[in-house]
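Coordinates in review
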Amino acid sequence: MTRTRARVGPAGLRRAFPQGSGGAQRALDFVSQDEMLTPLGRLDKYAASENIFNRQMVARSLLDTLKEVSDDERDCIAVLERISRLADDSEPTVRAELMEQVPHIAMFCQENRPSIPYAFSKYLLPIVVRYLADQNNQVRKTSQAALLVLLEQELIERYDVETKVCPVLIDLTAPDSNDDVKTEAVAIMCKMASMVGKDITERLVLPRFCEMCCDCRMFHVRKVCAANFGDICSVVGQQATEEMLLPRFFQLCSDNVWGVRKACAECFMAVSCATSQEVRRTKLSTLFINLISDPSRWVRQAAFQSLGPFISTFANPSSSGQYFKEEDGKTSEDGGSVQQNSEQVRTTENVSTEDEHKTEDLSSRVDNSDFATKLENAMEDQNTVSNHSQRESDFQTESSFHCTLSSESCGEMADENEQSSHCCTAILREAGLNSQEASLSEQELYNSFHFWRTPLPEIDIDLELQQTSEIILDREIQELTMQVSSNIPMTKRKELEEMIENLEPHMDDPDVKAQVEVLSAALIASSLDPQEETMASVGKGSDSQTELTISDQQNFKPILDDIVPLIGDTVENMDSTLHYIHNDSDLSTNSSFSPEEERKSKVQDVVPQALLDQYLSMTDPSRAQTVDNEIAKHCAYSLPGVALTLGRQNWHCLKDTYETLASDMQWKVRRTLAFSIHELAVILGDQLTAGDLVPVFNGFLKDLDEVRIGVLKHLHDFLKLLHLDKRREYLYQLQEFLVTDNSRNWRFRAELAEQLILLLDLYSARDIYDYLRPIAFSLCADKVSSVRWISYKLVSEMVKKLYMASTSTFVVDLMNELVEKFCRCRKWSGRQTFVFICQTISEDDCLPMDQFAVHLLPHLLHLASDRVPNVRVLLAKTLKQTLLEKEYFLNSANSHQEAVEQTIMALQMDDDSDVKYFASIHPASTKIADDAMSTASSTY
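Here the structure is a predicted model, which means the values were calculated and not measured.

Before going further, it helps to spend a moment on the overall build of the protein chain. Helix and strand content of the protein chain: 56 helices and zero strands. When the 940 residues of the protein chain are sorted by exposure, 51% land in the buried category. Restricting to contacts in the protein chain with at least 6 residues of sequence separation, those with at least 24 account for 71%.

Given below as structure tokens:
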């Protein structure tokens with residue numbers, strides 16, 4: 001009787017029950033009654049059923065019912081009204097089933113809007129919104145998913161979002177709301193922010209979101225807010241982020257629950273992208289250092305994973321090409337320090353029309369009449385460090401200094417930007433003329449840098465820097481110390497002392513120890529007496545030895561081309577800025593560095609130095625034990641982004657770290673570097689690539705297959721960046737890719753074939769014939785068909801490349817070897833390979849048909865008498881589907897055409913039925929892969 005339970009039609013019921021059976025008659029009556037009912041009648045019948053399954057089936061069939069009655073507007077409205085009644089069903093599974101169908105019904109209503117206007121807004125949306133507060137968890141989850149789908153498909157009108165959706169969500173997040181409902185409502189508000197846009201989010205969602213961030217009763221709500229904080233920031237823009245959201249973000253980052261702090265660390269990059277460069281440096285960097293030093297290991301782990309992405313937000317668009325879009329159309333890299341850094345890079349790297357305009361603007365600013373006023377404002381305003389309009393002689397020295405700093409970069413980009421030195425010279429000359437024309441008083445022109453470093457013509461800048469660096473240092477330390485002692489109030493000093501006392505119990509942590517050292521240095525600076533410092537500086541005039549310690553000098557030494565604000569509005573400002581003072585010790589030509597000098601060589605001014613120091617420490621073996629076993633892998637993963645941010649002029653900061661990662665014991669770390677080495681080569685340029693990356697690349701070539709595959713997948717991308725001589729050295733090593741740790745790793749050989757196709761453009765015809773040809777022939781005879789198919793394409797492209805070369809003997813020799821190696825092969829698989837190669841050459845037009853007819857066609861036709869049917873089947877396909885479709889064989893009567901036709905006629909009379917079929921009929925498929933697939937089962 002189990003067969004009679006199946007859903008069958010009337011005929012099936014008659015066969016299931018014997019004639020005269022009462023059960024059959026009742027079943028037929030049941031079916032006939034349903035067939036006689038209208039769609040609405042059937043809907044009403046089963047919607048009122050006591051069987052839950054029947055009501056579920058009604059919910060599933062609603063869309064089909066709507067389609068049946070779509071021609072009648074009144075019937076459509078009637079179905080929608082029945083949906084509203086069905087939404088009141090007491091069974092949760094029925095309500096959940098109904099909610100799953102709502103997006104599909106809404107799409108149908110949208111497509112048929114003229115016949116059923118406002119159907120969704122009136123009948124469906126109220127159900128969705130009501131179910132957001134349903135008692136059943138499954139119904140709530142289904143309604144939340146449906147709401148997001150409706151918003152994503154833009155099926156909800158903007159007016160309905162403001163008046164029906166947002167008010168309900170705000171009510172659900174009220175303090176007296178259910179805990180689970182409140183948490184889910186906050187998550188929905190955050191996810192829908194990007195769909196409803198900035199205006200609605202800022203007016204309706206943002207105030208309640210800020211309240212939820214401070215929910216003292218439920219940490220789950222705060223955790224959801226922290227996890228989605230970056231999405232909200234990206235929607236509302238920079239101003240709202242800095243004014244309303246950042247204070248809440250600071251609170252969440254210091255939350256008592258480690259899960260909340262961990263969520264903050266995970267979204268830190270998104271929050272940083274929505275802020276200005278100044279806020280990143282002065283506030284977010286210090287906040288991030290606190291997360292890295294968090295007592296919870298899970299928070300530290302998340303922070304270190306986000307460290308590289310956070311550093312990448314400091315990228316300078318003029319050197320890295322990265323921009324962060326903001327609401328006012330400007331980029332967030334408009335901060336002064338980045339502008340100054342961009343000028344340094346622009347002088348040496350960017351030679352374009354845009355930069356020429358910028359150079360003209362630069363010279364015009366020197367001629368500005370209110371030059372003195374701008375100079376004074378630049379010295380007083382610590383937040384403005386874009387010094388395009390500084391004093392003339394200072395500008396001359398700065399420009400020269402930039403050229404000296406970036407001389408290595410200029411050399412690296414000599415092939416691409418040959419006009420870099422001319423740009424530098426033009427800027428210097430123009431600035432020199434403008435300096436002569438400007439008329440400023442002696443007092444207005446005076447400053448320590450200008451006084452001690454009067455620019456002289458025809459002078460060695462490196463020698464001058466060495467001779468005057470100590471004098472400049474003394475003078476700048478005097479000025480900075482006087483500023484510090486006069487600007488820091490007593491309240492700030494007390495705050496510093498309290499922070500140091502709070503951190504002292506945790507001095508075992510190296511991160512906390514470093515932070516205490518910085519705060520101590522700031523406290524010492526704040527307690528210096530201006531008069532004592534002045535007297536001390538007078539005594540130092542004739543002696544280069546200062547009373548300050550070497551570490552204090554390093555902390556307070558300013559960059560020669562920047563004015564770094566040491567004291568900001570908050571303690572975070574001071575804490576962060578003390579870390580990224582630029583040090584010029586990397587200009588020294590001495591190769592033997594002491595530990596102190598080695599530390600100085602890793603100092604830069606692109607990102608806060610504390611962040612870079614933490615990033616460099618990710619290779620420390622102790623980090624793997626105290627933070628994360630895979631912390632080195634995260635460091636390797638984000639290294640190209642960090643390198644792009646710092647620029648090639650600061651590669652020395654990352655070089656040791658990169659070499660440490662390249663020799664890491666974990667193959668996953670080396671694999672990560674292998675997959676990104678080509679991107680890093682683009683960032684560094686050809687000279688640094690040849691000196692620092694090529695040795696690492698060579699090491700990866702001899703590594704495990706898991707590492708080698710990363711190099712192999714981007715082999716063309718890396719080799720094209722090398723000079724021709726260096727590139728040719730790898731011709732001898734390509735053969736090594738044929739050998740793998742596991743012979744079953746056929747995908748490795750398939751990737752090699754793909755890369756060889758790309759490498760054909762990098763080498764000469766002789767190199768292709770001498771080195772790449774043997775590898776291609778070896779791959780054509782591979783045991784795996786997928787490798788062979790790619791190899792056929794490789795050989796055909798090789799034929800095309802050699803034919804286009806000036807020396808035509810290589811292509812003739814190649815085709816002769818194809819005939820000898822494959823067409824006359826003793827194995828039938830080799831002869832089949834020859835047919836495949838000929839088919840590929842013909843389909844891709846790699847060789848003119850007249851040349852093909854002379855060198856390959858006679859040998860191809862000779863295979864018509866091959867004793868293996870598989871070879872003849874493929875030959876029939878090739879002749880019928882490929883060659884006879886070519887214009888050479890269609891329009892011109894020649895001996896080759898006659899030979900092809902005679903061969904096809906012979907194949908049509910073949911003993912094998914498959915050969916007859918393909919020689920007689922023109923199948924629809926003409927793809928090589930299909931042909932190969934049809935014979936793959938009989939190939940191996």
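Mapped onto the elements, Arg140 comes out in helix H9 (residues 137-152). A polar contact of 3.0 Å, which involves the side chain of Arg140, links it to the backbone oxygen of Asp134. Here the side chain of Arg140 touches Asn137 through a polar contact of 3.2 Å, side chain to side chain.

Evaluated as defined, the whole model comprises 17 aromatic pairs. Here Phe249 and Phe268 contribute two aromatic rings whose centre-to-centre distance is 5.5 Å and whose plane-to-plane angle is 55°, an arrangement assigned as tilted. In this pair, Phe249 is assigned in helix H15 (residues 238-253) and Phe268 in helix H17 (residues 268-273), connecting sequence segments 19 residues apart. What makes Phe249 buried here is its relative accessible area of 0%. Each ring, one from Tyr917 and one from Phe918, has its centre 5.1 Å from the other, and the planes form 80°; the classification is edge-to-face. In this structure an aromatic cluster arises from ring pairing among Phe209, Phe229, Phe249, Phe268, Phe288, Phe310 and Phe314. The positively charged end of Lys877 is found above the aromatic ring belonging to Phe918, 4.4 Å away from the centroid.

Next up on the list: a negative patch on the surface. Together, Glu497, Glu498, Glu501 and Glu504 make up a region of like negative charge exposed at the surface. Within the secondary structure, Glu498 is located in helix H30 (residues 490-503).

The subject of this paragraph is helix H4 (residues 52-60). Arg55, Gln56, Val58 and Ala59 are the residues of H4 that are buried. With its buried residues spanning 155° around the axis, H4 presents them on a single face. Check the buried side of H4 and you find it contacts helix H3 (39-47), helix H5 (62-68), helix H6 (73-86) and helix H7 (92-111). The N-cap of H4, judged by a side-chain oxygen 2.9 Å from the amide nitrogen of Phe53 a few residues on, is Asn51.

This part is about the nonpolar core. In terms of nonpolar packing, the biggest core is built from 165 residues, with Phe229, Phe249, Tyr615, Phe834, Phe852 and Leu860 touching the most fellow members. Residue contributions to this core peak at nine residues, all from helix H46 (residues 765-780). Not counting residues up to four positions away in its chain, the partners in contact with Phe852 are Cys838, Ile841, Leu847, Leu857, Leu860 and Leu883. Leu98, Val128, Leu148 and Val205 belong to the second-largest nonpolar core, a separate cluster that totals 55 residues.

Let us now look at the pattern of salt bridges. In this structure the tally under the stated criterion is 34 salt bridges. Between Arg60 and Glu97 there is a salt bridge, with the nearest N and O atoms lying 3.3 Å from each other. Note that Arg60 is positioned in helix H4 and Glu97 in helix H7, a separation of 37 residues in sequence. Notably, a salt bridge pairs Glu751 with Lys713, separated by 3.4 Å at the nearest N-O pair. Here the residue Glu751 occupies a position in helix H45 (residues 746-759), and Lys713 occupies one in helix H42 (residues 705-713), the gap between them amounting to 38 residues. When its relative accessible area of 36% is taken as the criterion, Lys713 is described as partly exposed. Via salt bridges that share partners, Arg158, Glu162, Asp199 and Arg203 belong to a single interconnected network.

In this section: the packing of H42 against H45. Contact pair H42 / H45: the axes reach a minimum separation of 10 Å and the direction vectors enclose 20°. For the element pair H42 / H45, the angle class is roughly parallel. In this structure, the crossing between H42 and H45 has a hand that is left-handed. The segment H42 lies against H45, with Asp705, Arg708, Ile709, Leu712 and Lys713 engaging Phe748, Glu751, Leu752 and Gln755. Classifying every residue of the contact of H42 with H45 gives four nonpolar, one polar and four charged.

Moving on to the confidence of the model for the protein chain. Chain-level pLDDT for the protein chain is 74 on average; 65% of the residues reach the 70-or-more range. Here residues 479-488 is a poorly scored stretch, pLDDT under 50, and it has 22 contacts once near neighbours within four places are set aside; other chains count. Low pLDDT (under 50) marks residues 923-940, which in the prediction has 32 contacts with non-local residues, meaning those over four places away or in another chain.

As a further point, take unusual backbone geometry. Outside of glycine, negative phi angles account for most residues, and trans bonds account for most peptide bonds. Phi at Glu154 is positive, roughly 55°, even though this residue is not glycine. With respect to the helices and strands, the residue Glu154 is situated in the loop between H9 and helix H10 (158-172).

Closest axis-to-axis distance for the helix H19 (residues 297-312)/helix H36 (residues 609-616) pair is 10 Å, and the angle between their directions is 135°. When the axes of H19 and H36 are compared, the pair comes out oblique. In this structure, the crossing between H19 and H36 has a hand that is left-handed. Across from Phe304, Leu307, Gly308, Phe310 and Ile311 in H19, the residues of H36 making contact are Leu611, Gln614 and Tyr615. For the contact of H19 with H36, a count of residues per class yields six nonpolar, two polar and no charged.

With the rule as written, the count across this model stands at zero disulfides. For the unlinked cysteine Cys825, the closest cysteine sulfur is that of Cys823, found at 9.9 Å. Here Cys825 falls in the partly exposed class, since its relative accessible area comes to 23%.

Bringing the environment of Val168 into the picture now. By the secondary structure assignment, Val168 is in helix H10. A relative accessible area of 24% places Val168 in the partly exposed class. Measuring from C-alpha to C-alpha, the distance between Val168 and Ala133 comes to 9.0 Å, with 35 residues separating the pair along the chain.

Before going further, it helps to examine the environment of Ser90. Turning to its location among the elements, Ser90 is positioned in the loop between H6 and H7. The sequence separation of Ser90 and Ile52 amounts to 38 residues, and the corresponding C-alpha distance is 10.0 Å.

Conventions and cut-offs
Residues numbered from 1 in each chain as written. Predicted model: local features only at pLDDT ≥ 70, side-chain atom pairs only at ≥ 80, totals over all residues. Heavy atoms only, no water. Helix = DSSP H or I, 4+ residues; strand = E, 2+ residues; numbered from the N terminus. Buried < 20%, exposed > 50% of the residue type's maximum accessible area, 1.4 Å probe, protein only. Contact = heavy atoms within 4.5 Å. Polar contact = N/O pair within 3.5 Å; in protein donor to acceptor, adjacent residues only side chain to side chain. Phe/Tyr/Trp six-rings, centres within 6.5 Å; stacked < 30°, edge-to-face > 60°. Lys NZ or Arg CZ within 6 Å of the ring centre and 35° of its normal. Patch = residues over 30% accessible without salt bridge, like charges linked within 9 Å, V, L, I, M, F, W, Y side chains within 5 Å. Areas by Shrake-Rupley, 256 points an atom, 1.4 Å probe, with all protein chains shown as cover. Salt bridge = Lys/Arg side-chain N within 4 Å of Asp/Glu carboxyl O. Lys, Arg positive; Asp, Glu negative; His and termini not counted. Charge placed at Lys NZ, Arg CZ, Asp CG, Glu CD. Arc of directions from axis to C-beta. Core = buried A, V, L, I, M, F, W, Y, C linked by side-chain atoms within 4.5 Å. Axes fitted to C-alpha atoms, helices over the stretch in contact; angles between N-to-C directions. Parallel < 35°, antiparallel > 145°, perpendicular 65-115°, else oblique. Left-handed = near helix turned anticlockwise from the far one by under 90°. Nonpolar A, V, L, I, M, F, W, Y, C, P; charged D, E, K, R; others polar. pLDDT = per-residue confidence, 0-100. Disulfide = S-S within 2.5 Å.

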